[in-house]
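For reference, the chains in residue letters:
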Amino acid sequence: MQVIPLPSDTNPNGDVFAGWLVKQMDIAAATLAGRISQGRNATVAMDRMEFLSPLRVGSQVGCYGELVEVGRSSMKINIEVWTLDRTAKAPRKVTEGLFIYVAIDEHGRIREVPDQAT
């Protein structure tokens, strides 16, 4: 997922709010969880969130997801965030976090994640 933060997403110093970035990470992870679970899912936990460097307005932000583990009804997805500042020649890592989702049915009850072998 690629996105560019706007001035309304920043604090008075021009750095992007952590909450905005966590939202983007959750969207990216939820998208992957939805493909894996083939339906609805819900975020149940976030783990290991570390902010390595500030994110500035106007920078290109990329959220990259990797499935770490699938349980009976849960999915662990690692999201890395990289940015390319407007004047930079190389991207830099901003943060990463582990997101845990559970597959849910149309009534909001936990359901099994379909077999990933196919």
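Described below are features of the structure shown in this document.

Definitions and limits used
- Positions within a chain are numbered from 1, following the residues in the order the chain's sequence is written.
- With the structure being a predicted model, the display of local features is reserved for residues of pLDDT at least 70 and the display and counting of side-chain atom pairs for 80 or more, all residues being used for whole-chain, interface and lining totals.
- Based on all heavy atoms of the structure, the side-chain values leave hydrogens and waters out of the count.
- Here a helix means four or more residues in a row that DSSP labels H or I, a strand means two or more in a row labelled E, and each is numbered from the N terminus.
- Multiply 1.5 Å by the residue count of a helix minus one, and that product is the helix's expected span.
- For every residue, the accessible area obtained with a 1.4 Å probe (protein chains only) is divided by the maximum for its type, and the residue is called buried under 20%, exposed over 50%, and partly exposed between those limits.
- The contact rule is simple, with two residues in contact once any of their heavy atoms fall within 4.5 Å.
- Here a salt bridge means any side-chain nitrogen of Lys or Arg lying within 4 Å of a carboxyl oxygen belonging to Asp or Glu.

Examining helix α1 (residues 18-37)
- Taking 1.5 Å of rise per residue, 20 residues should cover 28 Å, and α1 covers 28 Å from first to last C-alpha, within 8% of that figure.
- Residues Trp-20, Leu-21, Val-22, Gln-24, Met-25, Ala-28, Ala-29, Leu-32, Ala-33, Gly-34, Ile-36 and Ser-37 constitute the buried set of α1.
- Summarising the contacts, the buried residues of α1 are in contact with β1 (2-3), β2 (41-51), β3 (60-70), β4 (74-84) and β5 (92-103).
- Backbone geometry just downstream of α1 places Gln-38 in the positive-phi region, at approximately 55°.

Things to note about unusual backbone geometry
- In this structure, Gln-38 is a non-glycine residue whose phi angle is positive, near 55°.
- Positionally, Gln-38 belongs in the loop between α1 and β2.

A short note on the pattern of salt bridges
- Scanning the model with the defined rule gives six salt bridges in all.
- Two residues, Glu-96 and Lys-93, come together in a salt bridge whose shortest N-O distance is 2.6 Å.
- Judged by its relative accessible area of 25%, Glu-96 falls in the partly exposed class.
- Residue Asp-105 pairs with Arg-109 through a salt bridge whose shortest N-O separation is 3.6 Å.
- With relative accessibility at 51%, the residue Arg-109 sits in the exposed group.
- A single salt-bridge network, built from bridges that share partners, covers Glu-80, Lys-93 and Glu-96.

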